[in-house]
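# Secondary and tertiary structure notes
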Amino acid sequence: MHSLISKLLSPRLQRPLFWLLAAFALTMALLPQPPSLATYKFSDKFEHMLAFGVLTVTARLAWPKARIWIAAVLLSLYGAAIEVLQTIPVLHRDAELRDWVADSAAIALGVVIAQFLIQFKANRDTN
């Protein structure tokens, strides 16, 4: 079990997973009529927070030696870029400042969760 957890949290697995998740988030954000997900019953802000929280944790696990604030800023800019892209009329999407705020709040929470996971992994690796 210990070996499985280490493999699942390894940068080698997390890096391609990060790019797949980032592409999925972008695709869902730009589809003119995205499919309804089970999470939509909570609110679209919940979906934003889930997406960017997961992206942040995955980014931190994928690049554990990188400065976390750089990843946080880049992910926040990614969220802002998505909102700007949603202003393209043909997409029939609505850009909202509150969506970007939800993204950024989730990034901050994701930083905390990721630090916990990295510490957990380090403790498991030394035992």
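Residues numbered from 1 in each chain as written. Predicted model: local features only at pLDDT ≥ 70, side-chain atom pairs only at ≥ 80, totals over all residues. Heavy atoms only, no water.

Before going further, it helps to examine helix 4 (residues 68-85). Between its terminal C-alpha atoms helix 4 stretches 26 Å, which fits the 26 Å expected from 18 residues at 1.5 Å a residue. Those residues of helix 4 lying buried are Ile-68, Ala-72, Leu-75, Ser-76, Gly-79, Ile-82 and Glu-83. One side of helix 4 carries all its buried residues, which in axial view fall inside an arc of 115°. In helix 4, the exposed positions that point more than 90 degrees away from the buried face belong to Leu-74, Leu-77 and Val-84. (Helix = DSSP H or I, 4+ residues; strand = E, 2+ residues; numbered from the N terminus. Expected span 1.5 Å × (residues − 1). Buried < 20%, exposed > 50% of the residue type's maximum accessible area, 1.4 Å probe, protein only. Arc of directions from axis to C-beta.)

Mapped onto the secondary structure, Leu-75 falls in helix 4. Linking Leu-75 and Leu-55, residues 20 residues apart in sequence, is a C-alpha distance of 8.0 Å. Once residues lying within four places of it in the same chain are set aside, the contact partners of Leu-75 are Phe-18, Phe-52, Leu-55, Thr-56, Ala-59 and Ile-107. (Contact = heavy atoms within 4.5 Å.)

This next bit is on the nonpolar core. Judged by nonpolar contacts, the single largest core of 14 residues is most densely connected at Phe-18, Phe-52, Leu-55, Leu-75 and Ile-107. Counting residues per element, the ones that place at least two in this core are helix 2 (11-30), helix 3 (44-62), helix 4 and helix 5 (97-126). Setting aside anything within four residues of it in sequence, one finds Ile-107 in contact with Phe-52, Thr-56, Ala-72, Leu-75 and Ser-76. (Core = buried A, V, L, I, M, F, W, Y, C linked by side-chain atoms within 4.5 Å.)

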